[in-house]
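Geometric and topological summary
Chain by chain, the residues run as shown.
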Number of protein chains: 2
Amino acid sequence: MTAALSTRLTKQLGIAHPIISAPMALAAGGALAAAVTRAGGLGLIGGGYGNSDWIRTQFEAAGAERVGVGFITWSVQRSPGVVAEALALNPVAVMLSFGDPAAFADQIKDAGATLICQCQNLNHVEQAVRAGADIIVAQGSEAGGHGAFRGTLSLVPEVADFLSTRSPETLLVAAGGIADGRALAASLLLGADGVLMGTRLWASSEAVVHPRHHETIVASNGDDTIRTSTPDIARGLDWPAEFTARIRRNAFTERWHGDEQSLAANTAVEGPRYSAAFADGDPDNAGVFFGEAAGLIHSIEPAGSIIERVIAEAVAVLRSGASYLR
Amino acid sequence: MTAALSTRLTKQLGIAHPIISAPMALAAGGALAAAVTRAGGLGLIGGGYGNSDWIRTQFEAAGAERVGVGFITWSVQRSPGVVAEALALNPVAVMLSFGDPAAFADQIKDAGATLICQCQNLNHVEQAVRAGADIIVAQGSEAGGHGAFRGTLSLVPEVADFLSTRSPETLLVAAGGIADGRALAASLLLGADGVLMGTRLWASSEAVVHPRHHETIVASNGDDTIRTSTPDIARGLDWPAEFTARIRRNAFTERWHGDEQSLAANTAVEGPRYSAAFADGDPDNAGVFFGEAAGLIHSIEPAGSIIERVIAEAVAVLRSGASYLR
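What counts as what
Residues numbered from 1 in each chain as written. Chains lettered and ligands numbered in written order. Predicted model: local features only at pLDDT ≥ 70, side-chain atom pairs only at ≥ 80, totals over all residues. Heavy atoms only, no water. Helix = DSSP H or I, 4+ residues; strand = E, 2+ residues; numbered from the N terminus. Rg over C-alpha atoms; globule rule 2.2 N^0.38 Å. Buried < 20%, exposed > 50% of the residue type's maximum accessible area, 1.4 Å probe, protein only. Contact = heavy atoms within 4.5 Å. Lys, Arg positive; Asp, Glu negative; His and termini not counted. Charge placed at Lys NZ, Arg CZ, Asp CG, Glu CD. Least-squares fit on C-alpha atoms with pLDDT ≥ 70 in both. Pairing = 2+ DSSP bridges. Axes fitted to C-alpha atoms, helices over the stretch in contact; angles between N-to-C directions. Buried area = accessible area lost by both parts, 1.4 Å probe. Salt bridge = Lys/Arg side-chain N within 4 Å of Asp/Glu carboxyl O. Expected span 1.5 Å × (residues − 1). Arc of directions from axis to C-beta. Polar contact = N/O pair within 3.5 Å; in protein donor to acceptor, adjacent residues only side chain to side chain. Parallel < 35°, antiparallel > 145°, perpendicular 65-115°, else oblique.

Each helix and strand in chain A was counted, giving 16 helices and 11 strands. Taken against the 2.2 N^0.38 rule, which gives 20 Å for 326 residues, the C-alpha radius of gyration of chain A at 19 Å falls within 12% of a compact globule. For the C-alpha atoms alone, the extent of chain A along its principal axes is close to 60 × 45 × 40 Å. Going through the 326 residues of chain A one by one, you find that 63% of them count as buried. For chain A, restricting intrachain contacts to residue pairs at least 6 apart in sequence, the fraction spanning at least 24 positions comes to 64%. Charged side chains of chain A number 23 positive and 33 negative; the gap between the two group centres comes to 4 Å.

So this is what it looks like as structure tokens:
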């Protein structure tokens, strides 16, 4: 057997590798979640805004693999039955992001699923601990898609310190900008029990991502993204102001970022234009949802190969740490 | 002797610990730089916008300790004699940040000083390598004071990859959000040869910081800062748009952030008001310049104690990395 890592996360979840896949809305279907679980991590289906039919189809696609599901909390609060319907599909874990998890926490834990709460600041962590989260994901601003402003490198140890006094049994997972074994190893030393990877697995062959979007990330570096609310305005999504989406800078963001009021006033025209461009995979006129880790990604590969390499790198990097000791 | 770390940075600079202090304009005087060097790191005086008299006084304050100096590049380009005057004081290193270093690089290297270039993105790194930088500081957005948008955790490995192919002899130092041994250890695993610490040393007894500002950082967490151009507008400083300052959120930022045009139109009144508040140490009505690492800082201590603890922590954390290997 090849080298591997053992952490509180691998033990608690009964998985081989301390890697969870981000439940990316639209992009993380059953095929990706199953591939991540099969590779030894924990795969999460992107329940997103809560379309029960889509979620059921993706659980079917995941087949017999143990997978979980994630939701956008403020959105599913508007159609709360969605969470109960997903629990009937026996997810191993449910991840809640972007909103107070209180309304769903008991229901999830009573169903026997692991409650994962993604947090972008210390207030969120306080809410998550109060709700009884089993695992907290501390997500830094580097992340693709929705998030907030704290950087991963300082957020993770600050959350680790908070948990060590307030709730030491709660596990901590780092997210945001993590695409290789260096970042996994670094995250463990910062106090995390594992990592959640989004962008790196968005750039996998199993992700539900248009091939032209995949070509775009391979051609991009980490400087090419921006945090903006423009894709949410174009789509008419009612995101709380504290969260923005990190996407590729392109003609769409050049046109509308900084002029959000005009975009909001023109959604009758711009909304359908955005949707058509997204469906076409047009990388210039709709959101291309990836994060700063783009600069570390040079090809689209099967999720299993990605995870295998990340673990091998992390093992090598952790071993190399001893070489600095004098 | 206690445990210590050895990296390419300690060897190249002939220092005991892979820690450089940020040349924080106004805050990093000769006392801080000397204390950092005395503790085994490399101390840099904050030459900032280039006041030759102040710089000379601070070199005198540093006494016989080997220290360097840092400048804000776009600013000293307007009074280039300042760099030559500083070189006459025999700095061991000169750090240039925020602008193309080309105009000063040869002069610095010809004087026998180590050229350190702070970079916020890959274009900056390209410029720095072209200028012949000996050391590149990859500064993430978490940093206090001026910076840009990339997060430290993804910027550092991306720059490491760039240098490994383009200029492997150039050293790499991580900055932004680094306040303890966990972050130092993590930075080494991400590919850095050492770290540059600003906020943590701003919160030291040797820094030129008003006691009320020191009280403010101790009472703050990492969520309490914001990146904004408002302090630069109030001070009439002509910063390039790509750089903003991370400062404590306070009444001043609540009033003006998002309404920069009004501030710019009212500098005749607001400028002197800002200056008076800053001189008073008023934490509400002027910029308080610290970064996201505030959440990891709970007391003001001598720089030497800080460095000693960071190294001891980093050694312990690097050793603990082996415990994850299965």
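For the pair chain A and chain B, the superposition axis carries a translation of 0.0 Å, the fit reaches an RMSD of 0.0 Å, and the rotation angle comes to 180°. Seen this way, the second copy is the image of the first under a two-fold rotation axis. Of the C-alpha atoms belonging to chain A, the one lying closest to the rotation axis is found on A:Ala186, 2.1 Å away.

Residues and elements named next belong to chain B. Across the sheet, which stays open at both edges, the 8 strands sit in the order 1-9-8-6-5-4-3-2 with parallel pairing between neighbours. Because the sheet does not close on itself, it has two edges, and the strands there are strand 1 (19-21) and strand 2 (43-48). The average angle at which neighbouring strand axes cross in this sheet is 25°, direction not considered. Relative to strand 5 (residues 114-119), strand 4 (residues 93-97) is paired through 5 bridges, and the arrangement is parallel. Across the sheet, Met 95 pairs through a bridge with Ile 116, a residue of strand 5. Sheet strands touched by helix 7 (residues 122-131): strand 5 and strand 6 (135-139). Its angle to strand 5, the strand with the most contacts, is close to 165°.

Below, the discussion takes up the interface of chain A and chain B. When the parts of a complex come together, some accessible area is lost, and that lost area is often used as the size of the interface. On the chain B side, the residues contacting the 50 residues of chain A number 51 residues. Here chain A meets chain B over a buried area of about 4,100 Å², counting both sides, of which 58% is carbon and sulfur. When residues of chain A are sorted by the area they lose upon contact with chain B, A:Leu189, A:Tyr324 and A:Arg326 head the list and together hold 20% of the total. Two residues, B:Glu292 and A:Arg150, come together in a salt bridge whose shortest N-O distance is 2.8 Å.

Our focus in this paragraph is unusual backbone geometry. All names here are of chain B. Not every positive phi belongs to a glycine, and Leu 26 is a case in point at roughly 75°. Following the sequence through the fold, Leu 26 ends up in the loop between strand 1 and helix 2 (30-38). The exposure class of Leu 26 is partly exposed, given its relative accessible area of 47%. Even without a glycine there, the phi angle at Asn 90 is positive, about 60°. Tracing the chain through its elements places Asn 90 in the loop between helix 5 (81-87) and strand 4.

With the rule as written, the count across this model stands at 37 salt bridges over all chains. Across the pair A:Asp53 and A:Arg56 runs a salt bridge, and its minimum N-O distance is 3.4 Å. Linking A:Asp53 with A:Arg56, this pair stays in helix 3 (residues 52-62), spanning 3 residues, or about one helical turn. The shortest N-O distance in the salt bridge between A:Asp238 and A:Arg78 comes to 3.1 Å. Placement of the pair is A:Asp238 in the loop between helix 12 (230-235) and strand 11 (244-248) and A:Arg78 in the loop between helix 4 (73-76) and helix 5 (81-87), with a sequence separation of 160 residues. With a relative accessible area of 48%, A:Asp238 lands in the partly exposed category. Judged by relative accessible area, which is 56%, A:Arg78 ranks as exposed. Put simply, A:Arg150, A:Glu158, B:Asp223, B:Arg246 and B:Glu292 are held in one network by salt bridges that share partners.

All names here are of chain A. For helix 15 (residues 267-280), spanning 14 residues, the distance from its first C-alpha to its last is 19 Å, which sits close to the expected 20 Å at 1.5 Å a residue. Where helix 15 is concerned, the buried positions are Glu 270, Gly 271, Tyr 274 and Ala 277. Angular distribution of buried residues about the axis of helix 15 spans 135°; they occupy a single face of the element. In helix 15, those exposed residues whose orientation departs by more than 90 degrees from the buried face are Ala 268, Ala 279 and Asp 280. For helix 15, the secondary structure elements touched by its buried residues are helix 12, helix 13 (251-256) and helix 14 (260-265).

All names here are of chain A. Within the fold, Gln 120 resides in the loop between strand 5 (114-119) and helix 7 (122-131). Within the structure, the side chain of Gln 120 is placed 2.7 Å from the side chain of Gln 139, a separation counted as a polar contact. Beyond its immediate chain neighbours, meaning those up to four positions away, Gln 120 contacts Phe 98, Gln 139, Gly 147, Ala 148, Arg 150, Leu 155 and Phe 243.

Turning next to helix 16 (residues 303-320) of chain A. The end-to-end C-alpha separation of helix 16 of chain A is 26 Å, in line with the 26 Å expected for 18 residues at 1.5 Å each. Of the residues making up helix 16 of chain A, those classed as buried are A:Ala303, A:Ile306, A:Ile307, A:Val310, A:Ile311, A:Ala314, A:Val315, A:Val317 and A:Leu318.

As a further point, take the packing of helix 9 (residues 181-190) of chain A against helix 9 (residues 181-190) of chain B. Two packed helices can be described by the angle between their axes and the distance between those axes. It is at 8 Å that the axes of helix 9 of chain A and helix 9 of chain B come closest, and there the two elements cross at 170°. Between helix 9 of chain A and helix 9 of chain B, the angle falls in the class roughly antiparallel. When helix 9 of chain A is examined against helix 9 of chain B, the residues A:Arg182, A:Ala183, A:Ala185, A:Ala186, A:Leu189 and A:Leu190 are found in contact with a partner set consisting of B:Arg182, B:Ala183, B:Ala185, B:Ala186, B:Leu189 and B:Leu190.

All names here are of chain B. Within strand 11 (residues 244-248), 4 of the 5 residues are buried, which leaves it mostly tucked inside the rest of the structure. Two elements, strand 7 (residues 145-147) and strand 11, share 3 bridges in a ladder whose sense is antiparallel. Paired with Gly 147 across the strands is Thr 244, a residue of strand 11. Relative to strand 11, strand 10 (residues 225-228) is paired through 4 bridges, and the arrangement is antiparallel. Note that in strand 11 the partner of Arg 227 across the bridge is Arg 246.

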